[in-house]
Amino acid sequence: MKITTRFWVSLILSLPMLIEMILMPFTNFMLPGGHWTMVALTTAVMLISARPFVTSAWASFQKHHSNMDTLVAIGTATAYIYSIYAMLTDKAVFFESAAFVITFVLLGQVLEEKMRDNASDAIEKLVNLQAKEAEVQRDGQFVKIPLADIVAGDLIRVKPGQKVAVDGTIVEGTSTIDESMVTGESMPVSKAAGDKVIGATINSNGTFVFKAEKVGNDTMLAQIVELVKKAQNSHAPIQNLTDKVSDIFVPVVLIIAIATFLIWYVFLGTSVADALIFAVSVMVIACPCALGLATPTALMVGTGRGAKMGILIKNGEVLEAVNDVKTVVFDKTGTITVGKPAVTDVIGDIHQIIPVAAGLEESSEHPLAAAIMTYAKAQNIAATPVEAFKAIEGKGVQAQVNGQKAFVGNDKLLEDVEISADLKTNMLKLQNEAKTVVFVGLDNQVIGLIAIQDAPKATSKEAMAALHARGLKTVMLTGDNQRVAESIAKQVGIDEVIADVLPADKADHIKHLQHSGAVAFVGDGINDAPALTTANVGIAMGSGTDIAIDSGGIVLIKNDLRDVDTALALSKKTFNRIKLNLFWAFIYNVLGIPVAAGLFYGLGLTLSPEIAGLAMAFSSLSVVTSSVLLGKSKITAHTATI
Ligand SMILES: Nc1ncnc2c1ncn2[C@@H]1O[C@H](COP(=O)(O)OP(=O)(O)OP(=O)(O)O)[C@@H](O)[C@H]1O
Ligand SMILES: [Cu+]
């Protein structure tokens, strides 16, 4: 039976008793049938609405554990069973307490379920973003087919206003696309042939045809949904504390309840019924259900909110780690810079240098290689064929050209090859202009230099300023040359530069930086996996449609560094909300127990079981509300506009 049904049953059955209780002082009103009616109503509540509490309490008792249901079950069962005994022996009864407590506990759970449903909407909204159908080319014609029938390789036509069905690459046409629903990027993005499109985004003005590449569970949207689901169900380490606490807490409460009963009955001489009422109140008010809600609800709202902004926080552990971060380390290429380097200068004889360089770079995957290939094509210079190609990580590439050893790369590749004073001057000048300089060598001689520039992203400077305002230190970690790195660092305002680092050594540098506090590393996830996992918080920039799912605890879907600050702020805020929730949940138990035990009886301050039940419902509710409010609060200056 659903909680809601159990709640309504319980409420309807309790209502007559509630009316009697309210009217009694004024009118002498009694339910027809007197105690017998009460027994019947309460028994029905216990059997129908309270049964799951008892079953759950019993199940955990058998495993030598206790949970919050234990307290509700024992508390109400005590009231119920004692009252039956009391009725048979003509003593004061309090059946209605049991029924009321059950009603109120269920009320809390019903409201809580409603709020949770609202909060977990994030996922449903994401799933609903998907297109339902698409115009796919079949036998030379474009026909409408359902989303599920699209396969990779299909050609899909998208008209103005239509949704892009799956992930792929445009083959024909141009348009601007609103990608905000997936990436959080509010500005529409213009696209042309060769550009990637993302499923679930909305085409605005043009018509284009794209080739489906990722369908079904492989699409970016599907991966985001998967990530958010996992995050929402993950545990924050702080939760372990709560679990441990409630494991010890419940038995302690039972002992306090027994002590309460004994003190009132044996030492203070009250009736059994009064002493029992105190004990039952203790059990009900102490029920730690608000405690159990503190973490999951905040986690759900925080991660859901992040997803909407294109910030995927993978689990609760990340939230906690973010709190201690002192230093934020950035990879340079593709992270601080746009990642689309272009050749700006060639020093030497272009027609001698570029064929060799292009021949070597043809087989390389490096962004610098792409820059050189693009340049060669633009200059209409053909690549010389090479043999025995070899990429040397962090240094460059080498191969045989016409039987001679050739290379393109940085000074680490030069070994005993000398360079002229003239080239050196040129090199220094270019590097100071933030241009990466690579040497082109042939037959133990440097035949020229190629300068390649990769501009910082427009938002990088603002991003650094935001982190500094947060009191964090920023560091650039790059395989590029010191001078180049420094001049880019100056442009964007980074505190420290660690340059000339081989890819394999990046993780070691992170470890070193960790001596002065926790470190967050921001990288594009391509060759940064070790650094991302070594850092206390790994932040992967999602490049294009490939989300670096495995590396990094936070994934930024937009390529905007300002999201680092937003991600840190959101994580911090979520974590603080968890702490606040835990505090409120705890304080209510801690303050409630002495009152319920009758400690302030002398001052006229007591807590009947039903009021305790109501208080518990509201405590749970206040925790859930506090979490929901997290979804509405302001995160950072630049998210205010979102
Ligand atoms: N394919 C290549 N062609 C030319 N030079 C290369 C190539 N691969 C590496 N290099 C040289 O090695 C250096 C370090 O490369 P690495 O890939 O480690 O870092 P990066 O891409 O320059 O910067 P980051 O570490 O910020 O990503 C480059 O700056 C370049 O001088
Ligand atoms: Cu509770």
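Look above for the structure.
Residues numbered from 1 in each chain as written. Chains lettered and ligands numbered in written order. Predicted model: local features only at pLDDT ≥ 70, side-chain atom pairs only at ≥ 80, totals over all residues. Heavy atoms only, no water.

Peer 1: Quick rundown of the site of ligand 1? Include the residues and the values.
Peer 2: Taken together, 21 residues surround ligand 1, and among them Glu361, His366, Thr478, Gly479 and Lys506 come closest. The contact in question runs from a nitrogen atom of ligand 1 to an N or O atom on the side chain of serine 364, over 3.1 Å. The separation between an oxygen atom of ligand 1 and a polar side-chain atom of histidine 366 is 2.7 Å. Looking at the shell around ligand 1, the elements with two or more residues in it are helix H13 (332-336), strand E14 (396-401), strand E15 (404-409) and strand E16 (435-442). In terms of residue class, the shell around ligand 1 is made up of five nonpolar, ten polar and six charged. (Near = heavy atom within 4 Å. Polar contact = N/O pair within 3.5 Å; in protein donor to acceptor, adjacent residues only side chain to side chain. Helix = DSSP H or I, 4+ residues; strand = E, 2+ residues; numbered from the N terminus. Nonpolar A, V, L, I, M, F, W, Y, C, P; charged D, E, K, R; others polar.)

Peer 1: Got a sec to walk through the environment of glycine 108? Specific residues and values, please.
Peer 2: Relative to the elements of secondary structure, glycine 108 occurs in helix H5 (residues 95-119). Along the primary structure glycine 108 and phenylalanine 7 are separated by 101 residues, whereas in three dimensions their C-alpha atoms are 9.5 Å apart.

Peer 1: Tell me about the sheet that holds strand E20 (residues 518-523), and name the residues and values.
Peer 2: Taken together, the seven strands give an open sheet; going across it, the order is E10-E22-E21-E20-E11-E18-E19, and neighbouring strands pair in mixed fashion. The open sheet has two edge strands, strand E10 (311-313) and strand E19 (496-498), and neither has a second partner. On average, each strand axis in the sheet is tilted by 20° relative to the strand beside it, whichever way the strands run. Contacting strand E18 (473-477) and E19, helix H18 (residues 482-492) crosses the sheet at an angle of about 155° to E19. (Pairing = 2+ DSSP bridges. Axes fitted to C-alpha atoms, helices over the stretch in contact; angles between N-to-C directions. Contact = heavy atoms within 4.5 Å.)

Peer 1: Lay out the side chain of threonine 327 in plain terms, naming residues and giving numbers.
Peer 2: Note on placement: threonine 327 falls in strand E11 (residues 325-331). When neighbours within four sequence positions are excluded, threonine 327 is seen to be in contact with Lys473, Val475, Ala518, Val519 and Ala520.

Peer 1: Go over the environment of glycine 173 with me, naming the residues and quoting the values.
Peer 2: Note on placement: glycine 173 falls in strand E4 (residues 167-173). Take glycine 173: its relative accessible area is 31%, and that puts it in the partly exposed class. Separated by 21 residues in the primary sequence, glycine 173 and glycine 194 place their C-alpha atoms 9.9 Å from one another. When near neighbours in sequence (up to four residues on either side) are disregarded, glycine 173 contacts Lys191, Ala192, Ala193, Thr207 and Phe208. (Buried < 20%, exposed > 50% of the residue type's maximum accessible area, 1.4 Å probe, protein only.)

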